[in-house]
Amino acid sequence: MDTGDEIIECRLPGRFRLDGKEVTNPIAVGDRVDFNLNDDGSGGIEKIHVRENYITRQATHGKRGEQILVSNLDQACVIQSIKKPELKEGFIDRFLVTCEAYEVKAVIIINKMDLAKSGGRAFAEGLKELYTKLGYTLLTTSIESEASLEQLKSQLEHRSSAFIGPSGVGKTSLINALDPEYKLKTGKISDFSNKGKHTTTFARLIPLSFGGYIADTPGIREFGLVNIEPWELSLFFPEMIKPREHCKFHNCTHNHEPKCGVAEAFESGEIAASRYQSYLNILDSLEAE
Ligand SMILES: Nc1nc2c(ncn2[C@@H]2O[C@H](COP(=O)(O)OP(=O)(O)O)[C@@H](O)[C@H]2O)c(=O)[nH]1
Ligand SMILES: [Mg+2]
Ligand SMILES: [Zn+2]
């Protein structure tokens, strides 16, 4: 529990446990709570306020249900690096589908641009054009480029954001580069959470010295999507919403049906090949469930 001034170790009473819910964690980073304070300085959570929004992924390690990654966000930032590790458009597109489904504003960050040669820079430019046209914000960054860090800072300032992406793309480095005090704060909190036994410390929401909060999530290799029916998937691809109105079948999945508006829009170049491919890959994984 972070009151803004101090961190208070809180117990989560048994009545918040998971009876009948399809989530694997009863409380998530970003949750706003009421708590009471005990004489020994510890706290007990009384109430978890209704979440304005949240992002989940399918629980891993063979568990059923969803895991709430983080709640009450102004924006979720997906971080990829242009190289080391290689950029995966599929990861970005899966992430964007999740954001659309949960109505969280999405920001795409492509980091390590200092490692890109002219081909890589042109590729990143192409992605910027593609995603900007779809209504998303895309920033290219490098911890070595002050100008890019300034842009990122304006994007994060006074907002509550989550950094989500695979390990090694530079999430923690970017935050450290923006906020020199960040390292200190994370040190303090991880010492603390190592002692905590009752809460999930999947990510941490940390105040930024220039205003706002950030949750740096540990590396996520894959985004399992939940609660999406195959025929609904195209609703979460903004560029498919109009074309799908021209499909012959109202429950068209746009991968084999005749007279499909989405397939036609792809063939005419209106829908980018990478996006249609991501759509088909996600559809496959939904249908395999
Ligand atoms: N060349 C380059 N290396 C970077 C950049 N950002 C981070 N790195 C390096 O990438 C590695 C992984 O960074 P880290 O912040 O731990 O990634 P995280 O797992 O996403 O938090 C470290 O060796 C960083 O120094 C960047 O913009 N350019
Ligand atoms: Mg990290
Ligand atoms: Zn169709």
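Structure: see above.
Structure report, in brief. One numbering rule holds for all chains: residues counted from 1, following each sequence as written. In the order they appear in the text, chains get letters beginning with A and ligands get numbers beginning with 1. Local features in this predicted model are restricted to residues whose pLDDT is 70 or higher, and side-chain atom pairs enter the listing and the counts only when it is 80 or higher, whereas totals over whole chains, interfaces and linings include all residues. Side-chain measures were taken over the full set of non-hydrogen atoms in the model, leaving aside hydrogen atoms and water.

The subject of this paragraph is the sheet that holds strand E2 (residues 33–37). Paired strands, in this sense, are two strands between which DSSP finds at least two bridges. Numbering of helices and strands starts at the N terminus; helices are DSSP runs of H or I of at least 4 residues and strands are runs of E of at least 2. Read from one edge of the open sheet, 3 strands run E1-E3-E2, paired in mixed fashion. What marks the edges here is a single partner per strand, and that holds for strand E1 (10–11) and E2. Bridge count for E1 against strand E3 (residues 43–48) is 2 bridges, and the pairing is parallel. Across the sheet, the residue bridging to Arg11 is Gly44, located in E3.

Tetrahedral coordination by four donors sets the ideal angle at the metal to 109.5 degrees; octahedral coordination by six donors sets it to 90 or 180 degrees. Excluding water, the donors of a metal are its N, O and S neighbours within 2.8 Å, or within 3.2 Å for Na, K and Ca, and that exclusion means sites may look incomplete. Around the zinc ion (ligand 3), the protein contributes the donor atoms Cys247 (SG), Cys252 (SG), His254 (ND1) and Cys260 (SG), which lie 2.0 to 2.4 Å from the metal centre. Geometry assignment treats four donors as tetrahedral when all angles are between 85 and 135 degrees, treats four as square planar and six as octahedral when opposite donors are over 155 degrees apart and all others between 65 and 115, and treats everything else as irregular. In this structure, the zinc ion (ligand 3) is coordinated by 4 donor atoms arranged in tetrahedral fashion, with angles at the metal of 102 to 116°. Donor residues binding the zinc ion (ligand 3) come from one chain and are separated in sequence as C-x4-C-x1-H-x5-C. Pair check on accessibility: Cys247 and Cys252 agree, each one buried. The cut-offs for exposure are 20% and 50% of the maximum accessible area for each residue type, with area from a 1.4 Å probe on protein chains only; residues under the lower value are buried, those over the upper are exposed, and the others partly exposed.

A carboxyl oxygen of Asp or Glu within 4 Å of a side-chain nitrogen of Lys or Arg is what we treat as a salt bridge. Per the stated rule, a full pass over the model turns up 4 salt bridges. For Asp31, the salt bridge goes to Arg51, with nearest N and O atoms at 2.7 Å. Taken together, the positions of Asp31 in the loop between E1 and E2 and Arg51 in the loop between E3 and strand E4 (54–58) put the pair 20 residues apart, joining distant regions of the chain. We classify Asp31 as buried; its relative accessible area is 14%. For Arg275, the salt bridge identified is with Asp93, shortest N-O distance 2.7 Å. Residue Arg275 is found in helix H7 (residues 273–287), and its partner Asp93 is found in helix H1 (residues 89–102); the two are separated by 182 residues along the sequence. A relative accessible area of 0% means that Asp93 is categorised as buried. The network of salt bridges with common partners includes Asp93, Glu239 and Arg275.

Near is defined per residue: the residue qualifies when any heavy atom it owns lies within 4 Å of the molecule or strand. Around ligand 1 sit 14 residues in total, of which Asp114, Ile143, Gly168, Lys171 and Ser173 are the nearest. Polar contacts, as used here, are pairs of N or O atoms within 3.5 Å; protein pairs need one atom able to donate a hydrogen and one able to accept it. Residues neighboring in sequence count only if both atoms are side-chain atoms. For ligand 1, a nitrogen atom lies 3.1 Å from a polar atom in the side chain of Asn111. With respect to ligand 1, the side chain of Thr172 contributes an N or O atom lying 2.9 Å from an oxygen atom. Only the protein chains shown count as cover for residues, with accessible areas throughout obtained via the Shrake-Rupley method and a probe of 1.4 Å. Coverage of ligand 1 by the protein amounts to 68% of the 580 Å² it exposes when considered alone. A breakdown of the residues in the shell around ligand 1 according to their chemical character gives 4 nonpolar, 7 polar and 3 charged. Each residue receives one of three labels: charged for Asp, Glu, Lys and Arg, nonpolar for Ala, Val, Leu, Ile, Met, Phe, Trp, Tyr, Cys and Pro, and polar for the others, Gly being one of them.

Attention now moves to the pairing of strand E8 (residues 137–140). As defined by bridge partners, strand E7 (residues 106–111) adjoins E8 across 4 bridges and the pair is classed as parallel. Note that in E8 the partner of Ile109 across the bridge is Leu139. Running through helix H2 (residues 118–133), the crossover from E7 to the neighbouring parallel element E8 is right-handed. Orient the strands so they point away from the viewer; a crossover is then right-handed if the path from the first strand over the helix to the second runs clockwise.

Let us look at a nonpolar patch on the surface. Together, Trp231, Leu235 and Ile241 make up an exposed nonpolar region whose accessible area comes to about 250 Å². Mapped onto the secondary structure, Trp231 falls in the loop between strand E11 (213–216) and helix H6 (261–267). Patch membership requires over 30% relative accessible area and the absence of a salt bridge. Like charges are linked within 9 Å, and nonpolar side chains (Val, Leu, Ile, Met, Phe, Trp, Tyr) within 5 Å.

Here we come to the sheet that holds strand E10 (residues 204–207). Strand order in the open sheet formed by 6 strands is E8-E7-E6-E9-E11-E10, with mixed pairing between adjacent strands. Because the sheet does not close on itself, it has two edges, and the strands there are E8 and E10. Here the average twist between neighbouring strands, direction ignored, is 25°. Only heavy atoms enter the contact rule, under which two residues are in contact if any of them lie within 4.5 Å. Geometry is summarised by axes, namely lines fitted to C-alpha atoms with helices restricted to the contacting stretch, and by angles between N-to-C directions that run from 0 to 180 degrees. Most of the contacts of H2 go to E8, to which it runs at about 165°, and overall it touches E7 and E8.

All right, on to the nonpolar core then. Most often, soluble globular proteins keep nonpolar side chains buried together rather than apart. To define a nonpolar core, start from buried Ala, Val, Leu, Ile, Met, Phe, Trp, Tyr and Cys residues and group those joined through side-chain atoms within 4.5 Å. Formed by 31 residues in total, the largest nonpolar core has its most connected members in Ile55, Phe95, Leu96, Ile108, Ile110 and Tyr131. Breaking this core down by element, the ones donating at least two residues are strand E5 (66–71), strand E6 (75–81), H1, E7, H2 and strand E9 (160–164). Here this core takes 6 residues from H1, the largest share from any one element. Apart from residues no more than four positions distant in its own chain, Ile108 is found in contact with Val78, Ile92, Leu96, Tyr131, Tyr136, Thr137, Leu138 and Leu139.

For any two helices packed against each other, the geometry comes down to the angle between their axes and how far apart the axes lie. Relative orientation of the contacting elements H1 and H7 amounts to 70°, with a least axis distance of 9 Å. As judged from the angle between their axes, H1 and H7 are roughly perpendicular. Pair H1 / H7 crosses with right-handed handedness. The residues of H7 that touch H1, namely those facing Glu89, Gly90, Asp93, Arg94, Leu96 and Val97, are Ser274, Arg275, Ser278, Asn281, Ile282 and Ser285. Should an angle fall under 35 degrees it is called roughly parallel, over 145 degrees roughly antiparallel, and 65 to 115 degrees roughly perpendicular, with every other angle called oblique. The crossing is said to be left-handed when, going from far helix to near helix, the turn is anticlockwise and less than a right angle, and right-handed when the turn is clockwise.

Note that every value here comes from positions in space, so none of it alone points to a role or purpose.
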